[in-house]
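A look at the structure
So the chains spell out like this:
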Amino acid sequence: MTTTTDIDFAAREALRLLGPDPENWVFDQPGIDHNVTIVGGSGSGSTFAFALRRAGIGGVTVIDEAEDEAHAGVWLTRARMKKLRTPKNLPGPELGIPALSFQAWYEARHGTEAYAAIDRIPRVLWAEYLSWYRHFLNIPVRYQTKLIRIEPDVGFLRLHLEVNGVRQVETTRKIIFANGVAGTGGANIPPVLASLPRHLYAHTSELINFSELRGKTVAVLGAAASAFDAAGVALESGAKAVHLFARRSQIASLPVIRVRGYPGAYYNYAQLPDAARWFQAWRFNQVGSTPPPDAIARVTAFSNFHLHLSATWKSAHNQGDRIVAQVNDDVLEFDFAIAGTGYFVDPTKRPELADFAHHIALWRDRYEPPADQRNEQLSTYPYLGSAHEYQEKVPGTAPYLKDIHVFNPAGFVSFGLPIGDVPSIRRDVPAIVERISHDLFFADWSQHEARITSDNVAPDFESSLYADAVWKKPVKAGVS
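Calculation notes
- Every chain is numbered on its own, with residues counted from 1 as its sequence reads.
- Where local features are concerned, this predicted model is filtered to residues with pLDDT of at least 70; where side-chain atom pairs are given and counted, the filter is 80 or more; whole-chain, interface and lining totals use all residues.
- Each side-chain value is worked out from all heavy atoms of the structure, with water and hydrogens disregarded.
- We call Phe, Tyr and Trp rings a pair once their centres come within 6.5 Å, taking the six-membered ring for Trp, and we label the pair stacked below 30 degrees between planes, edge-to-face above 60, and tilted otherwise.
- In DSSP terms, a helix is any run of H or I states spanning at least four residues, a strand is any run of E spanning at least two, and both are numbered starting from the N terminus.
- Burial here depends on accessible area, computed with a 1.4 Å probe over protein chains only, as a share of the maximum for the residue type. Under 20% is buried, over 50% is exposed, and the range in between is partly exposed.
- Whether a charge sits over a ring depends on NZ of Lys or CZ of Arg being within 6 Å of the ring centre and within 35 degrees of the ring normal.
- Helix span, as expected, comes to 1.5 Å for every residue beyond the first.
- Throughout, the arc means the angular range of directions from the helix axis out to the C-beta atoms.
- Here a residue-residue contact requires only that any non-hydrogen atoms of the pair lie within 4.5 Å.
- All domain edges in this entry derive from an automatic or database-based domain assignment.
- Buried area: the accessible area, evaluated with a 1.4 Å probe, that two parts lose upon being put together, summed over both parts.
- To define a nonpolar core, start from buried Ala, Val, Leu, Ile, Met, Phe, Trp, Tyr and Cys residues and group those joined through side-chain atoms within 4.5 Å.
- What goes into a patch is any residue over 30% in relative accessible area without a salt bridge, connected to like charges within 9 Å or, for nonpolar side chains (Val, Leu, Ile, Met, Phe, Trp, Tyr), within 5 Å.
- Per-residue accessibility takes into account occlusion by the displayed protein chains alone, with areas from the Shrake-Rupley method and a 1.4 Å probe.
- Salt bridges are defined by distance alone: a side-chain nitrogen of Lys or Arg within 4 Å of a carboxyl oxygen of Asp or Glu.
- Lines are fitted to the C-alpha atoms to define the axes, a helix being fitted only along its stretch in contact, and any angle between axes, read from their N-to-C directions, falls within 0 to 180 degrees.
- Here the word oblique covers every angle except those under 35 degrees (roughly parallel), over 145 (roughly antiparallel) and from 65 to 115 (roughly perpendicular).
- Should the near helix be turned anticlockwise from the far one by less than a right angle, the crossing is left-handed, and should it be turned clockwise, the crossing is right-handed.
- A pair of strands counts as paired when DSSP detects no fewer than two bridges linking them.

The name an unreviewed UniProt entry assigns to the protein is Monooxygenase, from the organism Nostoc cycadae WK-1.

Take a look at the structure:
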């Protein structure tokens with residue numbers, strides 16, 4: 001029996017049994033710096049880097065504008081939940097290798113009983129696991145590297161970057177956007193807040209110094225998970241009172257997305273007719289995003305938390321450093337407001353896409369919903385191809401769009417899940433990597449054809465190996 005003190009022995013053994021990574025089979029091309037550039041170095045970006053490596057695709061770079069690993073992604077910065085919102089046993093970055101899963105990582109450190117005892121994954125531990133995954137698999141991330149602009153060219157994309165504050169240009173054949181909730185849009189700031197002085201409000205996507213809210217009266221607009229999380233942190237930080245305002249008459253509690261998680265719907269969703277996909281997205285928008293029960297319990301534990309239902313802000317203005325808001329027939333005052341109002345998706349609003357955003361097909365360009373299902377917010381989502389690639393609004397006008405793959409929530413209408421989160425990994429990461437492999441191979445087919453038909457390879461053996469066994473017709477006696 002073998003014993004070891006190596007806490008990661010099982011993970012190392014899994015990689016050993018899996019065998020070495022395939023050699024890079026993609027031919028170098030003159031003037032091309034990278035085969036694939038992954039934008040975003042947190043969980044999704046790291047998963048793609050590993051998947052591409054296992055597919056034998058080299059020349060991959062991962063960039064992230066964050067200062068360092070601790071500031072990349074949301075888990076140690078803008079995420080404020082105590083636990084992830086997804087079930088703990090969903091397949092994720094391990095890509096079918098159980099020893100690389102969160103469960104294996106956690107049990108190696110805390111034991112099987114400890115894992116059985118948790119209902120969902122604690123947020124900070126998830127961040128720790130992703131850091132381990134990145135370092136254990138030796139996935140380098142180039143931090144302080146911001147994508148400013150994508151400039152299409154023939155056969156490649158020119159990337160205008162800001163690296164440690166210095167502008168530079170690199171070239172790539174493929175791009176994967178694994179850059180989170182605001183990756184193809186931005187924070188949705190209600191107009192009623194946007195008219196206020198900027199120091200009086202923040203969006204949940206921003207870093208908020210909650211210690212400054214101690215003793216203050218805080219308003220939170222929105223009733224999804226991020227709104228309740230922000231309210232919870234404000235209360236825990238000593239806010240005098242927190243008022244949360246929901247437009248609906250009750251908090252959304254029907255998890256309509258969850259019923260799509262069975263294999264039939266999960267793997268075939270992208271092949272549904274446009275009308276069916278649009279209806280499912282519209283239905284989710286109508287029902288609303290459900291906060292986890294523990295997020296609600298977190299705030300209702302405080303007597304100074306106040307929930308306002310059917311409460312839309314009609315107007316707001318500032319009197320000095322106070323916010324005066326009219327909500328229905330009431331006039332209320334606050335010291336600070338937090339918008340937990342989600343994100344918008346619209347490629348035309350992203351500066352890095354400015355050169356060609358007008359060529360990107362949106363859902364409004366491909367589908368006209370019935371009058372009772374119209375939704376301007378959903379209509380600006382990109383109409384993505386089967387490998388999450390942008391598609392042309394007018395065929396033939398922007399062929400390079402197929403080389404930009406979107407693995408962020410902009411894929412929601414096309415694929416039916418909050419793309420970029422754990423639920424989408426096992427289906428969509430392999431699909432995108434497979435398409436990238438296909439495209440790179442056939443783009444260089446003439447070189448691959450020469451390679452696979454070449455005789456320029458050493459023989460496995462010489463004919464002397466079998467020469468003595470070659471049958472020779474016997475010579476008959478007496479024949480001259």
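Side note on the packing of aromatic side chains
Each aromatic ring pair is summarised here by two numbers: the centre-to-centre distance and the angle between the ring planes. Here the structure, examined in full by the defined rule, presents 26 aromatic pairs. Judged by centre distance (6.2 Å) and plane angle (40°), the ring pair of Trp 278 and Trp 363 falls under tilted. Here Trp 278, found in helix 9 (residues 274-287), pairs with Trp 363, found in helix 11 (residues 363-366); they are 85 residues apart in sequence, far enough to count as distant. In terms of burial, Trp 278 and Trp 363 fall into one category: buried. Joined through ring pairs, the aromatic side chains of Phe 50, Phe 102, Trp 105, Tyr 106, Tyr 115, Trp 126, Tyr 129, Trp 132, Tyr 133 and Phe 136 make up one cluster. Positioned over the ring face of Tyr 266 is Arg 426, at 4.1 Å from the centre of the ring. The aromatic ring of Tyr 266 is capped on one face by Arg 427, whose charged end is 4.9 Å from the ring centroid.

A look at helix 9
Along an α-helix, residues three or four apart share an orientation, since each turn contains 3.6 residues. For helix 9, built from 14 residues, the straight-helix expectation of 20 Å at 1.5 Å per residue is met to within 8% by its first-to-last C-alpha distance of 20 Å. Along helix 9, the residues that are buried comprise Asp 274, Arg 277, Trp 278, Ala 281 and Trp 282. Within helix 9, the buried residues cover an arc of 130° as seen down the axis, which keeps them to one side. Those residues of helix 9 that are buried are in contact with helix 11, helix 12 (376-379) and helix 13 (412-415). Of the residues flanking the end of helix 9, it is Gly 288, one or two places downstream, whose phi is positive at about 100°.

Re the domain arrangement of the protein
In terms of domains, the protein is made up of domain 1 (8-184 + 345-444) and domain 2 (188-254 + 272-342). Distance from the C-alpha centre of domain 1 to the C-alpha centre of domain 2: 29 Å. Residue-level contacts link 22 residues of domain 1 with 24 residues of domain 2. Between domain 1 and domain 2, roughly 2100 Å² of surface is buried when both sides are summed, and carbon and sulfur atoms account for 57% of that area. If you sort the residues of domain 1 by the area they bury against domain 2, Arg 80, Arg 85 and Gln 373 come out on top, with a joint share of 32%.

A word on the nonpolar core
Among the nonpolar cores identified, the biggest contains 86 residues, and Ile 38, Phe 48, Phe 102, Ile 150 and Ile 176 are the most heavily contacted of them. It is helix 5 (residues 123-136) that contributes the most residues to this core, seven residues altogether. Residue-level mapping places this core at the junction of two domains, with at least three residues from each of domain 1 (8-184 + 345-444) and domain 2 (188-254 + 272-342). In contact with Phe 48, other than residues within four places in its own chain, are Ile 38, Ile 176, Ala 178, Phe 407, Val 429, Ile 432 and Val 433. Core analysis: the next-biggest nonpolar cluster, separate from the first, contains 23 residues, Leu 213, Val 218, Val 233 and Val 242 among them.

Structural notes on a nonpolar patch on the surface
Residues Phe 461, Leu 465, Tyr 466 and Val 470 make up a contiguous nonpolar surface patch of roughly 440 Å² in combined accessible area. With respect to the helices, strands and loops of the structure, Leu 465 is situated in the segment after helix 15 (445-452).

Describing the packing of helix 7 (residues 225-236) against helix 10 (residues 293-300)
Helix-helix packing is characterised by the crossing angle of the two axes and by the distance between the axes. Viewed as axis vectors pointing N to C, helix 7 and helix 10 meet at an angle of 30°, and their least axial separation amounts to 9 Å. In terms of their interaxial angle, helix 7 and helix 10 are classed as roughly parallel. Both helix 7 and helix 10 take part in a crossing whose hand is left-handed. Contacts between helix 7 and helix 10 involve Phe 228, Asp 229, Ala 231, Gly 232, Val 233, Leu 235 and Glu 236 from the former and Ala 295, Ile 296, Arg 298 and Val 299 from the latter.

Considering the sheet that holds strand 12 (residues 322-327)
Across the sheet, three strands lie side by side as 11-12-13; this open sheet has antiparallel pairing. Among the strands making up the open sheet, the edge pair consists of strand 11 (313-319) and strand 13 (330-334). Shown here is a sheet whose adjacent strand axes are inclined to one another by a mean of 20°, direction ignored. Bridge analysis of strand 11 against strand 12 gives six bridges, and the strand direction is antiparallel. The residue of strand 12 that forms the bridge with Ala 316 is Ala 325.

With respect to the sheet that holds strand 9 (residues 241-245)
Working definition: the strands of a sheet are paired by backbone hydrogen bonds and lie parallel or antiparallel to each other. Pairing is parallel across the open sheet formed by five strands, whose spatial order is 7-14-8-9-10. Each edge of the open sheet carries a strand with a single partner, namely strand 7 (201-203) and strand 10 (305-308). Direction aside, neighbouring strands of the sheet carry axes that sit 20° apart on average. Here strand 7 pairs with strand 14 (residues 336-339) via three bridges, running parallel. In the strand pairing of strand 14, Tyr 201 is matched with Ala 337.

Some thoughts on the side chain of Thr 47
Checked against the element boundaries, Thr 47 lands in helix 2 (residues 43-54). For Thr 47, the contacting residues outside a window of four places in its chain are Pro 93, Leu 95, Tyr 133, Ile 425 and Val 429.

Points about helix 5
Its 14 residues place the ends of helix 5 20 Å apart at the C-alpha level, agreeing with the 20 Å of an ideal helix rising 1.5 Å per residue. For helix 5, the tally of buried residues reaches ten of 14 residues, placing the bulk of the element in the interior. Looking only at helix 5, the buried set comprises Arg 123, Leu 125, Trp 126, Ala 127, Tyr 129, Leu 130, Trp 132, Tyr 133, Arg 134 and Phe 136. Packing partners of the buried residues in helix 5 comprise helix 1 (9-18), helix 2 and helix 3 (102-110). Just downstream of helix 5, Asn 138 is the residue with a positive phi angle, here 55°.

Observations concerning unusual backbone geometry
Despite not being glycine, Gln 144 has its phi angle at roughly 55°, a positive value. Structurally, Gln 144 is set in the loop between helix 5 and strand 3 (145-153).

Quick look at the pattern of salt bridges
Per the stated rule, a full pass over the model turns up 31 salt bridges. A salt bridge links Arg 109 to Asp 8, with the shortest nitrogen-to-oxygen separation between them at 3.0 Å. Here the residue Arg 109 occupies a position in helix 3, and Asp 8 occupies one in the segment before helix 1, the gap between them amounting to 101 residues. Residue Arg 109 is classed as partly exposed on the basis of its relative accessible area, which comes to 26%. The partner of Arg 149 in a salt bridge is Asp 355, and the shortest N-O contact between them spans 2.9 Å. Here Arg 149, found in strand 3, pairs with Asp 355, found in the loop between strand 15 (343-345) and helix 11; they are 206 residues apart in sequence, far enough to count as distant.

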